[in-house]
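If you want the building blocks of each chain, they are given just below.
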Amino acid sequence: MSRGLPKLLGVIGAGQMGAGIAQAAATAGLQVVLVDRAAEQLERAAAGMRLSLGKLVKRGMLKDEPEAVLQRLQHATDLEALAVADYVVEAVPENEGLKTGIFRQLDALMPPHAVLASNTSSISITRLAAATCRPDRVVGLHFMNPVPLMALIELVRGLQTSDETFEATQRLAVHLGKTTCVSLDRPGFIVNRILMPMINEAFFALMEGVGSAHDIDTGMKLGTNQPMGPLTLADFIGLDTCLSIMRVLHEQLGDSKYRPCPLLVQYVDAGWLGKKSGRGVYTYSSS
């Protein structure tokens, strides 16, 4: 790794998080390969990044021209494109089986020195690492959404994560201009261990008619000085992601206080996933 940083950084998954991670890395001057098996998803990600970079220019938050940043980004539909990468961040949906399968493939494909990081928001890094022959080179690198704007990265050490891997990950986070907090490998880590039960309780309040969605969000936004209410935030995160995390907390901690709200489950069953689907707690226009 040049200057202790990856010569080539791979990102797997061109959804909102993966595209944001790729954009942040390219903005920081790194060469990046963004991989997604769906070419149309890569096209959507490229269009979204171009729009995001344009907004950052208008705000005076981008030193380089957008085209210079985009030139540091390659797109690929096959993991083989990562065969020479030094560091890979997996950012696929919050499904342990899917993530484990990808880690097995990466382990067989990538050079021995390469670090395998997961952007998981709740799944055990230790278990993901156990799917590889390099558990010491596996680490949690949990970005916040939207990645280009949010200052925090949550670093998670698995049981066998080496000091070398952890230090390389800290250097990368600092290079990306992020502040870090460090969590043990526990369900939900720090941020979602606290955040998701609050969102879940907001759904219980909505289900029980304690207040309207607008009143619940207004109360929490202005009463606790948060930038947005918990139901709006849930829509931005994705209700399916919120539900997945609550299920991980409930199953692994075994405490009934983490039971997913039935209304949250029902919304996900209906396909009301939040802003990305056009409907969640609130309705969103396609424009």
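Here is what the cut-offs are and how they apply
- Residues numbered from 1 in each chain as written.
- Predicted model: local features only at pLDDT ≥ 70, side-chain atom pairs only at ≥ 80, totals over all residues.
- Heavy atoms only, no water.
- UniProt positions renumbered as here; feature names shortened; annotations may be inferred.
- Pairing = 2+ DSSP bridges.
- Helix = DSSP H or I, 4+ residues; strand = E, 2+ residues; numbered from the N terminus.
- Axes fitted to C-alpha atoms, helices over the stretch in contact; angles between N-to-C directions.
- Core = buried A, V, L, I, M, F, W, Y, C linked by side-chain atoms within 4.5 Å.
- Buried < 20%, exposed > 50% of the residue type's maximum accessible area, 1.4 Å probe, protein only.
- Salt bridge = Lys/Arg side-chain N within 4 Å of Asp/Glu carboxyl O.

Under an unreviewed UniProt entry, the name given to the chain is 3-hydroxybutyryl-CoA dehydrogenase, and the source organism is Chlorella vulgaris. The UniProt entry for the chain carries the following text under Pathway (unreviewed entry): "Lipid metabolism; fatty acid beta-oxidation."

All right, on to the sheet that holds strand β5 (residues 115-118) then. In sheet architecture, strand pairing relies on hydrogen bonds along the backbone and comes in two forms, parallel and antiparallel. What the eight strands build is an open sheet, ordered β3-β2-β1-β4-β5-β6-β7-β8; its pairing is mixed. For this open sheet the edge positions go to β3 (73-76) and β8 (179-184), each flanked by a neighbour on one side alone. Along the sheet, successive strands turn relative to each other by an average axial angle of 25 degrees, direction set aside. Pairing geometry for strand β1 (residues 9-12) and strand β4 (residues 87-90), over four bridges, is parallel.

We now examine the nonpolar core. Val-32, Leu-34, Tyr-87, Val-89, Leu-141 and Phe-143 are the most contacted members of the largest nonpolar core, which has 38 residues in total. The element best represented in this core is helix α1 (residues 16-27), accounting for seven residues. Counting residues in each nonpolar core, the second largest holds 26 residues, with Ile-199, Phe-203, Leu-239 and Leu-263 among its members.

Attention now goes to the pattern of salt bridges. In the structure shown here, the tally under the stated rule is nine salt bridges. Among the salt bridges present, the one from Arg-157 reaches Asp-163, with a minimum N-O distance of 2.8 Å. Classification of Arg-157 as partly exposed rests on a relative accessible area of 27%. The class for Asp-163 is partly exposed, based on a relative accessible area of 48%. With a closest N to O distance of 2.9 Å, Asp-240 and Lys-276 form a salt bridge. Here Asp-240 is found in helix α10 (residues 239-253), whereas its partner Lys-276 is found in the segment after α11 (262-269), with 36 residues between them in sequence. Counted as one network, the salt bridges with shared partners bring together Glu-90, Glu-94 and Lys-99.

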